[in-house]
Amino acid sequence: MSWAGGQLLVLLWAFTSRASSLNIPFEVEQPPTITNHTAGPIIALPFDSTLTIRCDAKGNPPPEYRWTKDGQELNLPNIPTIKTDNRNGTFMFHKKHFTQFQGKYRCFAFNKLGTAMTEEIEIIVP
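Residues numbered from 1 in each chain as written. Predicted model: local features only at pLDDT ≥ 70, side-chain atom pairs only at ≥ 80, totals over all residues. Heavy atoms only, no water.

A. Structural view of the packing of aromatic side chains. This structure, assessed with the given rule, holds five aromatic pairs. Consider the rings of tryptophan 67 and phenylalanine 91, whose centres lie 5.1 Å apart with planes at 90°: the pair is edge-to-face. Highlighted residues: tryptophan 67 in strand β5 (residues 64–69) and phenylalanine 91 in strand β8 (residues 91–94), separated in sequence by 24 residues. Like phenylalanine 91, tryptophan 67 is buried. Cluster of aromatic residues (ring-pair linked, three or more members): Trp67, Phe91, Phe93, Phe101 and Tyr105. For arginine 66, the ring lying beneath its charged end belongs to phenylalanine 108, and the centroid distance is 4.2 Å. (Phe/Tyr/Trp six-rings, centres within 6.5 Å; stacked < 30°, edge-to-face > 60°. Helix = DSSP H or I, 4+ residues; strand = E, 2+ residues; numbered from the N terminus. Buried < 20%, exposed > 50% of the residue type's maximum accessible area, 1.4 Å probe, protein only. Lys NZ or Arg CZ within 6 Å of the ring centre and 35° of its normal.)

Written out as structure tokens, the structure is:
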């Protein structure tokens, strides 16, 4: 091995031993991105027993979710037949509520770094 090659190895060893002592976080913060969502329009038919609207996003810190209906903040009523999933923005409701939830929806996933949103999802009840 040449003298220059030996020096290169010593420098490489010094760099990697110093770099291994650095505390580099494995997870980098990132704004939310939508990974899966329900596309519309959705037609709720009488023989459907439930209707599920999905909104999944990833981000670090993990995103929180909010929905709008017809451009207004959606506050889901506390009804046992309406189920929400706190880990993502998905919600499901029973057919007896279909007409109450007819309209245009949009999901917003947000954290301290930003907000991602879906296209509008229209629910149509014939």
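From this point, the narrative continues.
B. Geometry of the environment of lysine 104. Counting through the fold element by element, lysine 104 comes out in strand β9 (residues 103–111). Once the C-alpha coordinates of lysine 104 and glutamine 72 are considered, the two residues, 32 residues apart in sequence, prove to be 9.9 Å apart.

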